[in-house]
Amino acid sequence: MHAIKIQEPGGPDMLVWSEVPDPEPGPGEVIVDVRASGVNRGDILQRQGHYPPPPGASPYPGLECSGTISAIADDVRGWTVGQQVCALLAGGGYAERVAVPAGQLLPVPDGVDLVDSAALPEVACTVWSNVVRLARLTAGETLLVHGGGSGIGTFAIQLGSALGATVAATARLPKHDQLRKLGAAHTIDYREQDFVEEVRQVTDSRGADVILDIIGAAYLERNLAALATGGRLMVIGMQGGRKAELDLGGLLVKRAAVAATALRPLPLAEKAEIVRGVREQVWPLIAAGRIRPIVDRRLPLTDAAEAHRLVESSEHVGKVLLTVG
Ligand SMILES: NC(=O)c1ccc[n+]([C@@H]2O[C@H](COP(=O)([O-])OP(=O)(O)OC[C@H]3O[C@@H](n4cnc5c(N)ncnc54)[C@H](OP(=O)(O)O)[C@@H]3O)[C@@H](O)[C@H]2O)c1
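Predicted, not measured: the structure shown is a model, and the values here were computed from it.

Let's shift gears to the overall build of the protein chain. Helix and strand counts for the protein chain stand at 10 helices and 15 strands. Here the C-alpha radius of gyration of the protein chain, 19 Å, is about what a compact globule of 325 residues would show, namely 20 Å. In terms of its C-alpha atoms, the protein chain occupies a principal-axis envelope of roughly 55 × 40 × 35 Å. Counting all 325 residues of the protein chain, 54% fall into the buried class. When contacts within the protein chain are restricted to residue pairs at least 6 apart in sequence, those whose partners lie at least 24 apart make up 66%. When the accessible area of the protein chain is evaluated, it comes to approximately 14000 Å², of which 50% is carbon and sulfur surface.

With that settled, consider the nonpolar core. Membership of the largest hydrophobic core comes to 42 residues, with the highest contact counts inside it found for Val127, Phe155, Leu159, Val278, Val282, Trp283 and Ile291. A per-element tally of this core places helix 2 (residues 121-134) first, with 7 residues. Composition of this core by domain shows at least three residues from each of domain 1 (2-120 + 265-323) and domain 2 (124-260). Once residues within four sequence positions are removed from consideration, tryptophan 283 is found in contact with Cys86, Leu106, Pro107, Val108, Pro109, Leu120, Ala124 and Val278. Cys65, Ala87, Tyr94 and Val100 belong to the second-largest nonpolar core, a separate cluster that totals 29 residues.

Turning our attention to the state of the cysteines. Note on terminology: disulfide describes a covalent bond linking the sulfur atoms of two cysteines. Considering all chains together, one arrives at 0 disulfides under this definition. Note on cysteine 86: no disulfide assigned, nearest cysteine sulfur contributed by cysteine 65 at a separation of 8.1 Å. Since its relative accessible area comes to 0%, cysteine 86 is described here as buried. This cysteine, cysteine 125, is not joined by any disulfide, and cysteine 86 carries the nearest cysteine sulfur, 8.9 Å off.

This brings us to the environment of threonine 302. Position of threonine 302 relative to the elements: it lies in the loop between strand 14 (295-300) and helix 10 (304-313). Judged by its relative accessible area of 45%, threonine 302 falls in the partly exposed class.

Read from one edge to the other, the open sheet built from 6 strands follows the order 10-9-8-11-12-13, with strand pairing classed as parallel. Single-partner strands in this sheet number two, and they are strand 10 (186-189) and strand 13 (257-260). Across this sheet, the average inter-strand angle for adjacent strands is 15°, counted without regard to direction. The pairing of strand 8 (residues 142-145) with strand 9 (residues 166-171) spans 4 bridges and is parallel. Residue pairing in the sheet places valine 145 in a bridge with alanine 169 of strand 9. Sheet strands in contact with helix 2 are strand 8, strand 11 (208-213) and strand 12 (227-235), and its direction is about 160° off that of strand 11. Set on the sheet, helix 6 (residues 217-226) makes contact with strand 11, strand 12 and strand 13; between it and strand 12 the angle comes to about 145°.

For the coordinates displayed, the defined rule picks out 1 aromatic pair. With 4.9 Å between their ring centres and 55° between their planes, phenylalanine 195 and tyrosine 219 make a pair best called tilted. Placement of phenylalanine 195 in helix 5 (residues 195-202) and of tyrosine 219 in helix 6 is noted, with a sequence separation of 24 residues between them. Of the two residues examined, phenylalanine 195 and tyrosine 219, each falls in the buried class.

Scoring rules and cut-offs
Counting restarts for each chain, with residues numbered from 1 along the sequence as it is written. Since the coordinates come from a predicted model, pLDDT governs what is reported: local features require at least 70, and pairs of side-chain atoms require 80 or more to be given and counted, while whole-chain, interface and lining totals use all residues. The side-chain numbers reported here are obtained from all heavy atoms of the structure, hydrogens and water having been left aside. Counting from the N terminus, the helices are DSSP H or I runs at least four residues long and the strands are E runs at least two residues long. When we talk radius of gyration, it's over C-alpha atoms, and the globule rule is simply 2.2 Å times the number of residues to the 0.38. Relative accessibility thresholds used throughout: buried, under 20% of the residue-type maximum; exposed, over 50%; partly exposed, between the two (1.4 Å probe, protein chains only). What makes two residues a contact is simply this: any of their non-hydrogen atoms within 4.5 Å. All accessible-area figures derive from a Shrake-Rupley calculation using a 1.4 Å probe, and residue coverage is judged against the displayed protein chains alone. Think of a nonpolar core as a cluster: buried Ala, Val, Leu, Ile, Met, Phe, Trp, Tyr and Cys residues, connected wherever their side-chain atoms sit within 4.5 Å. Annotation comment: domain bounds sourced from an automatic or database domain assignment. Throughout, disulfides are identified as pairs of cysteine sulfur atoms within 2.5 Å of each other. A pair of strands counts as paired when DSSP detects no fewer than two bridges linking them. A fitted line through C-alpha atoms serves as each axis, taken over the contacting stretch for helices, and the angle formed by two N-to-C directions is quoted from 0 to 180°. Each Phe, Tyr or Trp ring (for Trp, its six-membered ring) is paired with any other whose centre lies within 6.5 Å, and the angle between the two planes then decides the class: stacked below 30 degrees, edge-to-face above 60, tilted in between.

Laid out in structure tokens, this is it:
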């Protein structure tokens, strides 16, 4: 088969379409013939040499895909050859074929086409596991989503509003209209506006109950200032650095919590539990049309370098997909 290999750590041109050995299904795995793969910011970090694949994972980038099951290990039950699926991966999505632990497979949601379903597994699992499973966002609460125009952000806005929360999102101004259409009640231009002030204003000074943060250090102090009493700050990205001072006194007075999580290195059993939760709680919202995959563009997998340039420019809203065949 062919896959996109990272020749050596560096720029987009290090992504090279190469002939590589076909994957074999290990115990508990199936082989998926890939139709599409989502581009994630993590793939860019991996290409740059900052985010190596966990032990045992495919060396090729790609954290999610859609496609057709073409082989199944003897011990796998509940899936059939020829079935169309999408899947959460620890790597290897930028390829014609990939081995997937059966616990990370999802059916293509009703009403979504096979290609677009590749935009869902990584964002659905990341957002649901943080905002619902851990932070327990409930109807009537306020969710602040940083990077509302990202793959993660566009999904978080839709999930938050489908759950009955009031969603505020930060993004560059040209993205605001789209984010409002997705369900953001308030959009904040983080380049011109102070998000702490804005969140206070729209919550009668209460603050946000849950914040989904992709910036990390540069926003820590302001995120704590923007949190409501009993608020939960979920850090999933460090685009603004990893080290910052934390005012425990401020946290204590607000009885607030700070958590940081990463999906990719989780043990198989925990990933499978998250995938099960997503299938039970999120897939029905997609089938009902409350949430849809937001696809900015489809490019052929052979153009992975161009896709990375696009995602690095942040011109996109939602996901960029790489297609096979
Ligand atoms: N921990 C995990 O398990 C996990 C899993 C998946 C993703 N992530 C993280 O989630 C983040 C989003 O991933 P993605 O693939 O969806 O990325 P993406 O589509 O490439 O989006 C990155 C976003 O960052 C926004 N941004 C940059 N500077 C900002 C700032 N100062 N304030 C607010 N927003 C800012 C950009 O928005 P503008 O264009 O509006 O500037 C852009 O939409 C990444 O940091 C990624 O590493 C974590």
